[in-house]
Amino acid sequence: MNLVVYLGILLPISIQSSAQIDWGFAAPFHQKVLQPDSPNFGVNEPFIPTPSHILPEKKAFHIDEKVNYYQRFYNGSRNGEYRRSSCPAINALANRGYINRSGRNITYSELAHAVRDVWNFGDDNSMLVLAPTFAMNGWPETIDLDNFNDDLVQYVINCPAAPTRNDRAIGDNININMTLFESLLSFSKDGETLSLEDLAEHHHLRHNQSKAENPNFVFGNQGAICSLAQYTNMVGVLGKFGKHGRTTLFVDDVKTFYLDEDIPKNYERREIAHYSPESNAMIDRMSHHIGYTIQRPFPEGDQEPGRDICPMRARFQRKECD
């Protein structure tokens with residue numbers, strides 16, 4: 001048994017050999033089953049530079065529509081048989097059949113392999129984003145996707161001031177709030193792209209809204225990272241080279257990602273995984289634009305009621321900073 005520290009919590013992570021892991025899926029659902037000889041089995045594949053290809057890029061991602069066809073379901077579909085989370089990246093994996101389409105009875109290994117194979121999400125990031133839901137539910141063999149939004153993971157995975165979802169304390173925190181989504185798109189300066197600074201400005205609005213609406217609002221360093229990571233992880237896997245550099249997010253991709261909960265058309269998969277240091281660098285860039293610095297390690301009392309490290313009036317709103 002190994003222990004991993006996540007946001008100040010010790011998480012028990014059971015290490016199993018490939019022979020001990022059940023790679024199959026529930027019989028009623030036709031799934032792609034990963035085998036130990038899969039190129040991405042067990043760990044993010046390394047990027048090995050060559051003289052003609054020194055820097056990692058993004059490559060076209062092929063979807064076998066005969067296996068991973070698109071079939072959209074919502075939380076509670078088919079009289080509650082189908083489950084979904086508030087995370088469009090995870091829901092897209094279910095809608096495409098990279099994990100059980102029902103969103104039920106999913107093992108950690110199945111989910112970890114799917115986010116690795118499709119999004120090339122770093123294994124360290126997976127430990128930060130996926131493992132707490134399993135750990136805080138007692139590390140069951142399987143979970144349903146709506147477990148990512150239950151009371152046990154409040155303020156750990158189910159973050160305050162989420163980009164397109166209500167806080168759990170004030171309403172439905174699983175299904176998209178279209179008013180919030182349209183607000184997110186409105187922060188694009190050109191109607192076609194979103195920069196990290198655009199996202200930071202939208203996040204600051206969501207912070208102020210959440211603080212005003214949520215009676216249980218707590219926004220310490222942990223809450224800030226949790227909330228900002230929802231933007232930076234999206235940029236990490238969907239960002240392309242454009243007018244804002246390699247972190248350019250295209251509005252059309254954001255629409256497909258959030259509204260269809262699907263893999264965007266012409267999606268390109270990263271050649272090097274999106275590890276947590278990259279996400280943290282983007283988180284710090286966004287928090288600096290707003291006007292605060294995240295403390296690491298978190299100070300004592302970081303999650304005490306009433307704590308808020310983010311200013312109501314942001315740095316970018318002050319004339320002297322223009």
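Refer to the preceding data block for the structure.
Residues numbered from 1 in each chain as written. Predicted model: local features only at pLDDT ≥ 70, side-chain atom pairs only at ≥ 80, totals over all residues. Heavy atoms only, no water.

Draft legend 1. Examining helix α9 (residues 251-260) more closely. All of the buried residues along α9 are Val251, Asp253, Val254, Thr256, Phe257 and Tyr258. A positive phi of about 50 degrees marks Glu261, the residue just after α9. (Buried < 20%, exposed > 50% of the residue type's maximum accessible area, 1.4 Å probe, protein only. Helix = DSSP H or I, 4+ residues; strand = E, 2+ residues; numbered from the N terminus.)

Draft legend 2. Structural context of the packing of aromatic side chains. Evaluated as defined, the whole model comprises 11 aromatic pairs. Both rings, one in Phe257 and one in Tyr258, keep their centres 5.6 Å apart while their planes meet at 75 degrees; by these two values the pair is edge-to-face. Among the residues examined, Phe257 registers a relative accessible area of 5% and is labelled buried. Given the relative accessible area of 5%, Tyr258 is considered buried. Among the aromatic residues, those joined into a cluster by ring pairs are Phe61, Tyr98, Trp119, Phe181, Phe257, Tyr258 and Tyr267. Sitting above the plane of the Tyr69 ring, Arg101 keeps its charged end 3.7 Å from the centroid. (Phe/Tyr/Trp six-rings, centres within 6.5 Å; stacked < 30°, edge-to-face > 60°. Lys NZ or Arg CZ within 6 Å of the ring centre and 35° of its normal.)

Draft legend 3. Geometry of the state of the cysteines. Going through the model one piece at a time under the given rule, you end up with 1 disulfide. Put simply, Cys159 and Cys226 are joined by a disulfide, and their sulfur atoms are 1.7 Å apart. Between Cys159 and Cys226, the S-S dihedral sits near -65 degrees, and the bridge is therefore left-handed. On the criterion of sequence distance, the pair formed by Cys159 in the loop between α5 (131-136) and α6 (178-186) and Cys226 in helix α8 (residues 221-238) is long-range, its members being 67 residues apart. (Disulfide = S-S within 2.5 Å.)

Draft legend 4. A look at the packing of α8 against helix α10 (residues 276-290). Look at α8 against α10: their axes get within 9 Å of each other, and the N-to-C directions meet at 115 degrees. The chirality of how α8 crosses α10 is right-handed. When α8 is examined against α10, the residues Ile225, Leu228, Ala229, Tyr231, Thr232, Asn233, Val235 and Gly236 are found in contact with a partner set consisting of Ser279, Met282, Ile283, Met286 and Ser287. Per-class residue counts for the contact of α8 with α10 are 8 nonpolar, 5 polar and no charged. (Axes fitted to C-alpha atoms, helices over the stretch in contact; angles between N-to-C directions. Left-handed = near helix turned anticlockwise from the far one by under 90°. Contact = heavy atoms within 4.5 Å. Nonpolar A, V, L, I, M, F, W, Y, C, P; charged D, E, K, R; others polar.)

Draft legend 5. View of the sheet that holds strand β5 (residues 240-242). Spatially, the 3 strands line up as an open sheet ordered β4-β6-β5, and their pairing is antiparallel. Looking along the sheet, the strands with just one partner apiece sit at the ends: β4 (193-194) and β5. Bridge count between β4 and strand β6 (residues 245-250): 2 bridges; the pairing is antiparallel. Within β6, the residue paired with Thr193 across the bridge is Phe250. On top of the sheet, α9 reaches β4, β5 and β6; it is set at about 55 degrees to β6, its chief contact. (Pairing = 2+ DSSP bridges.)

Draft legend 6. Representation of the nonpolar core within the structure. Formed by 63 residues in total, the largest nonpolar core has its most connected members in Leu93, Ile99, Leu111, Trp119, Leu199 and Tyr292. For this core, the secondary structure elements donating two or more residues are α2 (88-95), α3 (108-119), α5, α6, α7 (196-213), α8, α9 and α10. If one sorts the elements of this core by residue count, α8 sits on top with 9 residues. When sequence neighbours within four positions are dropped, the list of residues in contact with Leu199 reads Leu184, Leu194, Tyr231, Val235, Leu249 and Met286. (Core = buried A, V, L, I, M, F, W, Y, C linked by side-chain atoms within 4.5 Å.)

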